[in-house]
Structure formats: C-alpha cells, structure tokens
Amino acid sequence: MSLLKYLGVVGTAALVTAGLALPASAETANAALKDKTGKSVGTVELSQTPASVLLKLSLKGMPAGEHAFHIHAVGKCEPPFESAGPHFNPGGKHHGILSGEGHAGDMPNLHVPASGQLEVEVINAAITLAKGKPNSVFDADGSAVVIHAGKDDYKSDPAGNAGDRLACGVIGEGAATVGGPQAR
Ligand SMILES: [Cu+2]
Ligand SMILES: [Zn+2]
C-alpha cells in the first residue's frame, strides 16, 4: 500500500519535471516561398537547435546565379514584397557580415545552378523560434524569408545592395503542410 503511494508521488514529480523542461516555443517553423506572380518557388523548414536555428531550403524554378537570402522584419509578403520590411535587426546593427556582427537576418548568398533548383542547409545563430525573446522570428509583426534578384555584398547598409525581391515567404509555426493552402 505505501509502495503504491510512493510510486504515485514519483509519477507526479516526473510529469511536473517534463512540463518544466518543455520550452515555451515552436520547435519547428516553415515558410512557403512564392514569386511576384504567386507561383511557388520553394520552401524553408526551420528547426530550433540548442544554440541556433537550422534552415533547410529547397528551391525550384529560380533564375540561375547568386541571390541574397535574408530574414526580413515583417511577416507580410505582398508583391513586390516591400511589405516584408527591412532586414530582421532586433540588435540595431549595421548590415553585413563584413561590416561587423551584421543583422540577425543576414545569411550567406545562395548559388542557384542552371537547373533553377537548389537544396541547401544554413545555420543562423542570431535568431530563435522561441517566443518572447528579443531575437524571436515570432515577434508581434512576424518575420519573412526573402530571396533577392542580386547577391548580397555583405557590407552595404541597409540591405547589401541585393536588388529586387524575387521571392518571399511568411515564417509560420510548425512543419510545412505539403499540398496545404500555402503550397500552391
Ligand atoms: Cu533581403
Ligand atoms: Zn542585413
């Protein structure tokens, strides 16, 4: 009788511990990338790691060449995507990895081959999916992934002289829904 009671207490304690260990944040996020005509040109899957966010990018039907790849400050993608605002920059930094720390939304250029398809994984340690943190992509106005027509020169403020915005995707919570409303 007393043993059962003891097990019951341990069980409750274990549940409470597990509850505390769960981070108050999204573990995964996604963005469905569309061009200015509304055509789907790829997806980004974001996963929270202990010290960074891993972004898995899958592109198709993109123009070959070098393209800037950023997180922008507003989760709104209305062509020509100026709606996505400037680079995500909660730290108030100057743009570019060659100028200093750079914006939290700054990431390396993408090199799209002639096929227009690219699969690449990128780490961004300056952002988080955890809500309530100053560098969370899930802030009040959300965030978006943007791909530009030109390459980022990694130093010109405020946006690396990367030209037009070719594609945009609002970062949403959870895994990408294949064939869902965002996948068109
Ligand atoms: Cu950009
Ligand atoms: Zn920037």
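Our subject is the structure that appears above.
Residues numbered from 1 in each chain as written. Chains lettered and ligands numbered in written order. Predicted model: local features only at pLDDT ≥ 70, side-chain atom pairs only at ≥ 80, totals over all residues.

Secondary structure summary: the chain contains one helix and nine strands in total. The N-to-C order of helical and strand elements in the chain reads α-β-β-β-β-β-β-β-β-β. Going through the 184 residues of the chain one by one, you find that 35% of them count as buried. For the chain, restricting intrachain contacts to residue pairs at least 6 apart in sequence, the fraction spanning at least 24 positions comes to 61%. (Helix = DSSP H or I, 4+ residues; strand = E, 2+ residues; numbered from the N terminus. Buried ≥ 20, exposed ≤ 12 C-beta atoms within 10 Å, placed from the backbone. Contact = placed C-beta atoms within 7 Å.)

Quick look at unusual backbone geometry now. Residue Pro79 is joined to Pro80 through a cis peptide bond whose omega torsion reads 0°. As for its position among the elements, Pro80 is in the loop between β4 (65–72) and β5 (106–112). Of note, the bond from Asp157 into Pro158 is cis; its omega dihedral lies within 30 degrees of zero at 5°. Here Pro158 is to be found in the loop between β7 (144–148) and β8 (165–170). Positioned with a positive phi, Asn161 is a non-glycine residue whose angle comes to about 55°. Here Asn161 shows up in the loop between β7 and β8.

Counting 40 residues, the largest nonpolar core has Ala31, Leu33, Ala144, Val145, Cys168 and Ile171 as the members making the most contacts within it. When contributions to this core are tallied by element, the ones reaching two or more residues are β1 (28–35), β2 (40–48), β3 (53–59), β4, β5, β7 and β8. Filtering out sequence-adjacent residues up to four positions away, Leu33 remains in contact with Val41, Gly42, Thr43, Val44, Val145, Ile147, Ala167, Cys168 and Gly169. (Core = buried A, V, L, I, M, F, W, Y, C linked by C-beta atoms within 7 Å.)

Before going further, it helps to examine the environment of Gly38. Inspection of the secondary structure assignment puts Gly38 in the loop between β1 and β2. C-alpha of Gly38 to C-alpha of Glu78: the two residues are 40 residues apart in sequence and 9.4 Å apart in space.

Now for the environment of Leu59. Position of Leu59 among the secondary structure elements: in strand β3. A residue is classified by how many C-beta atoms lie within 10 Å of it, and Leu59, with 22 of them, is buried. C-alpha of Leu59 to C-alpha of Gln117: the two residues are 58 residues apart in sequence and 5.1 Å apart in space. In contact with Leu59, other than residues within four places in its own chain, are Val41, Gly42, Val112, Gln117 and Leu118.

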